[in-house]
Amino acid sequence: MQEVKVLETAPVIVVALSGEIAAENADEFYTEFKTVYEAQPSDVTFDCAQLSFIDSTTLGTFVKILKRVREDGHNLKLIHLQPRLKKLFVICALDTIMEIEG
């Protein structure tokens, strides 16, 4: 189960993620993000401190979000990723295209 909680919408959209985001709920995650983002497009920060699991579908969803945000001239940042989750981004070289902070 995953939870997407919007903490701020201006000047940056800050979204806290918790639980597990995988193939079965990645579309729901994207839809929730898109609703918030389209209301007021701006830079986006995902606080992943409570995120416990992601899979390859979720990695693809983050890339999809990154592409959408950059099309509008904004940036995406992931913060507080647990080391084992950060390792997935590094293995897939996603840390070279998006900002990831500890």
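Just so it is clear, the model here is predicted, and its values are computed rather than measured.

1. Side note on the nonpolar core
Ranked by internal contacts, the top residues of the largest apolar core, which has 27 residues, are Leu17, Phe46, Leu78 and Phe89. Here Leu78 is in contact with Phe46, Cys48, Phe62, Phe89, Met98, Glu99, Ile100 and Glu101, once residues within four sequence places are set aside.

2. Things to note about the pairing of strand E4 (residues 76-79)
Pairing analysis gives four bridges linking strand E3 (residues 44-54) to E4, with the strands arranged parallel. Across the sheet, the residue bridging to Thr45 is Lys77, located in E4. For the crossover from E3 across helix H2 (residues 56-71) to E4, the handedness is right-handed. Bridging between E4 and strand E5 (residues 99-101) involves three bridges; their strand directions are parallel. Residue pairing across strands places Leu78 opposite Ile100, the latter belonging to E5. Remark: the E4/helix H3 (residues 83-91)/E5 crossover connection has right-handed handedness.

3. Concerning the pattern of salt bridges
Summed over the entire model, instances satisfying the criterion amount to four salt bridges. Ionic pairing is found between Lys77 and Glu99, a salt bridge with its closest N-O pair at 4.0 Å. On the criterion of sequence distance, the pair formed by Lys77 in strand E4 and Glu99 in strand E5 is long-range, its members being 22 residues apart. Assessed through its relative accessible area of 39%, Glu99 is described here as partly exposed. On the basis of relative accessibility, which here comes to 24%, the residue Lys77 falls in the partly exposed class. Taken together, the salt bridges that share partners define one network made up of Glu38, Arg68 and Asp72.

4. Quick word on the packing of aromatic side chains
Under the defined criterion, the tally for this structure stands at seven aromatic pairs. Summarising the aromatic geometry, the rings of Tyr30 and Phe33 are spaced 6.3 Å apart at their centres and angled 45 degrees between planes, so their arrangement reads as tilted. In this pair, Tyr30 and Phe33 are both assigned in helix H1 (residues 26-39), three residues apart and thus about one turn of the helix distant. Accessibility assignment for this pair places Tyr30 and Phe33 in one class, buried. Ring plane angle 50 degrees and centroid distance 5.9 Å describe the contact between Phe33 and Phe46, whose orientation is recorded as tilted. Here Phe33 is found in helix H1, whereas its partner Phe46 is found in strand E3, with 13 residues between them in sequence. Taken as a pair, Phe33 and Phe46 share a single burial class, namely buried. Taken together through their ring pairs, the aromatic side chains of Phe29, Tyr30, Phe33, Tyr37, Phe46, Phe62 and Phe89 make up a single cluster. Over the ring of Tyr30 we find Lys64, and its NZ or CZ is 4.1 Å from the ring centre.

Rules used in this analysis
Residues numbered from 1 in each chain as written. Predicted model: local features only at pLDDT ≥ 70, side-chain atom pairs only at ≥ 80, totals over all residues. Heavy atoms only, no water. Core = buried A, V, L, I, M, F, W, Y, C linked by side-chain atoms within 4.5 Å. Buried < 20%, exposed > 50% of the residue type's maximum accessible area, 1.4 Å probe, protein only. Contact = heavy atoms within 4.5 Å. Pairing = 2+ DSSP bridges. Helix = DSSP H or I, 4+ residues; strand = E, 2+ residues; numbered from the N terminus. Right-handed = clockwise from strand over helix to strand, strands pointing away. Salt bridge = Lys/Arg side-chain N within 4 Å of Asp/Glu carboxyl O. Phe/Tyr/Trp six-rings, centres within 6.5 Å; stacked < 30°, edge-to-face > 60°. Lys NZ or Arg CZ within 6 Å of the ring centre and 35° of its normal.

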